[in-house]
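Each chain, letter by letter, is given below.
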Protein chains: 2
Amino acid sequence: MTEAIHLEDLTPGRRFAAGPVTITEAEIIDFATRYDPQPFHTDPGAAAAHPLFKGLAASGWHTAAISMPLVVQALGGLAGGIIGGGGELLWPRPVRPGDTLSVEVEVLEATPSRSRPDRGAAVLRIRTLNQHGEEVQVFSPRIVVPRRPGG
Amino acid sequence: MTEAIHLEDLTPGRRFAAGPVTITEAEIIDFATRYDPQPFHTDPGAAAAHPLFKGLAASGWHTAAISMPLVVQALGGLAGGIIGGGGELLWPRPVRPGDTLSVEVEVLEATPSRSRPDRGAAVLRIRTLNQHGEEVQVFSPRIVVPRRPGG
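Thresholds applied
Residues numbered from 1 in each chain as written. Chains lettered and ligands numbered in written order. Predicted model: local features only at pLDDT ≥ 70, side-chain atom pairs only at ≥ 80, totals over all residues. Contact = placed C-beta atoms within 7 Å. Helix = DSSP H or I, 4+ residues; strand = E, 2+ residues; numbered from the N terminus. Nonpolar A, V, L, I, M, F, W, Y, C, P; charged D, E, K, R; others polar. Pairing = 2+ DSSP bridges. Expected span 1.5 Å × (residues − 1). Buried ≥ 20, exposed ≤ 12 C-beta atoms within 10 Å, placed from the backbone. Axes fitted to C-alpha atoms, helices over the stretch in contact; angles between N-to-C directions. Least-squares fit on C-alpha atoms with pLDDT ≥ 70 in both. Core = buried A, V, L, I, M, F, W, Y, C linked by C-beta atoms within 7 Å. pLDDT = per-residue confidence, 0-100. Parallel < 35°, antiparallel > 145°, perpendicular 65-115°, else oblique. Left-handed = near helix turned anticlockwise from the far one by under 90°.

A. Spatial organisation of the interface of chain B and chain A. The partner chain A presents 24 residues to the 25 residues of chain B that form the contact. Going through the elements one at a time, α4 (60–74) and β2 (83–90) of chain B are the ones with two or more residues in the side of chain B that touches chain A. Of the residues assigned to the side of chain B that touches chain A, the class counts are 16 nonpolar, 7 polar and 2 charged. Note: strand β2 (residues 83–90) of chain A against β2(B), 5 bridges, orientation antiparallel. Residue pairing across strands places Gly87(A) opposite Leu89(B), the latter belonging to β2(B).

B. Molecular detail of helix α4 (residues 60–74) of chain A. For α4(A), spanning 15 residues, the distance from its first C-alpha to its last is 21 Å, which sits close to the expected 21 Å at 1.5 Å a residue. Counting buried positions over the 15 residues of α4(A) gives 13, a clear majority of the element.

C. The sheet that holds strand β4 (residues 119–129) of chain A, seen in detail. Pairing is antiparallel across the open sheet formed by 10 strands, whose spatial order is β1(A)-β3(A)-β4(A)-β5(A)-β2(A)-β2(B)-β5(B)-β4(B)-β3(B)-β1(B). Among the strands making up the open sheet, the edge pair consists of β1 (15–22) of chain A together with β1 (15–22) of chain B. Averaged over all pairs of adjacent strands, the angle between their axes in this sheet comes to 20 degrees, without regard to strand direction. Of the strand pairs in this sheet, strand β3 (residues 100–112) of chain B and strand β4 (residues 119–129) of chain B are connected by 10 bridges, and their pairing is antiparallel. From the neighbouring strand, Val103(B) faces β4(B), where its bridge partner is Thr128(B).

D. Looking closely at the relation of the copies chain B and chain A. With an RMSD of 0.0 Å, chain B superimposes on chain A once it is rotated by 180 degrees and translated 0.0 Å along the axis. Those values place the two copies in the arrangement expected of a two-fold rotation axis. Residues of chain B ranked by C-alpha distance from the rotation axis are headed by Glu88(B), positioned 2.2 Å from it. A symmetric contact is evident, with 96% of the interface residues of chain B recurring at the interface of chain A.

E. Structural view of the nonpolar core. Judged by nonpolar contacts, the single largest core of 76 residues is most densely connected at Trp61(A), Ala65(A), Val71(A), Trp61(B), Ala65(B) and Val71(B). Those residues within four positions of Val71(A) in sequence are excluded, and the remaining contacts are Ile82(A), Val103(A), Val105(A) and Ile126(A).

F. Here's a closer look at the pairing of strand β5 (residues 135–146) of chain A. All names here are of chain A. Across 6 bridges, the pairing between β2 and β5 is antiparallel. What sits directly across from leucine 89, in β5, is phenylalanine 139. As defined by bridge partners, β4 adjoins β5 across 9 bridges and the pair is classed as antiparallel. Bridge pairing in β5 places arginine 127 opposite valine 138. The turn linking β4 back onto β5 is made up of 5 residues, and glycine 133 within it adopts a positive phi angle of 80 degrees.

G. Seen up close, the confidence of the model for chain A. Averaged over all residues, the pLDDT of chain A is 95; the fraction at 70 or higher stands at 98%. Here the predicted complex carries an ipTM of 0.95, next to a pTM of 0.96.

H. The arrangement of the packing of α4(A) against α4(B) in detail. It is at 10 Å that the axes of α4(A) and α4(B) come closest, and there the two elements cross at 160 degrees. What the angle tells us is that α4(A) and α4(B) run roughly antiparallel. Relative to α4(B), the crossing made by α4(A) is left-handed. Judged by residue contacts, Trp61(A), Ala64(A), Ala65(A) and Met68(A) of α4(A) engage Trp61(B), Ala64(B), Ala65(B) and Met68(B) from α4(B). Tallied by class, residues from the contact of α4(A) with α4(B) come to 8 nonpolar, no polar and no charged.

Right under this line is the structure:
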């Protein structure tokens, strides 16, 4: 059994990675039909004619959703799981059918709680990259992380 | 046919709303199994024993995903669709099985582009509320909005 990752292990600059996974046109349409029903996400013809997208693009929420299992995989040893209260979420460019996405997690900061000696907070930068190494999503959440018992 | 909403219609303080929808335990488990596989989202027993969640909680990405069709419904008349580059995303409290969620959209600002006379940018505050009127998600995206032709 791998030892769990605690706050003390999250030194700023430390990186974790996972992927890649490939996203298909069928998945893009399926997710968007249910969760983001707009023609540039669900209709390849309408998307091709769209002045900004010029082709089918995944919902940003789909990019977020398929990034998360990669984050769980990358940080799988995190004690207590990955629990975030949110953060800045950016989608610098669209995800297209056939794109192959990977996740890179970097620790930006990790701070013990002043009031709760058993835990602390970490700020991560989670970049989702396509097969060209281009950022398609950058999420910077603050997460709750247990301290090592007796550490 | 309802006239489309353009940048000129997005006066700061204007509000749009949609919902409610009810989220079930089966949906929470199904979404998380695929997109956020962590025990407090997929296993009611493990979730009940979790010190922070104390019961099954929806993935934040699930809250985001089920909020989006409500946003599309609320802003359905937006010319060009709802296209955002991201923003601050917060999950102040968990979503539980059986919760009934609504969305309230408020226009924070709307600014014509200096370089592109046909469009502008708006900043929205999109609050997802549960049946007690409590915020379960607050997303503040910047979106691209066409100006009214000849306006």
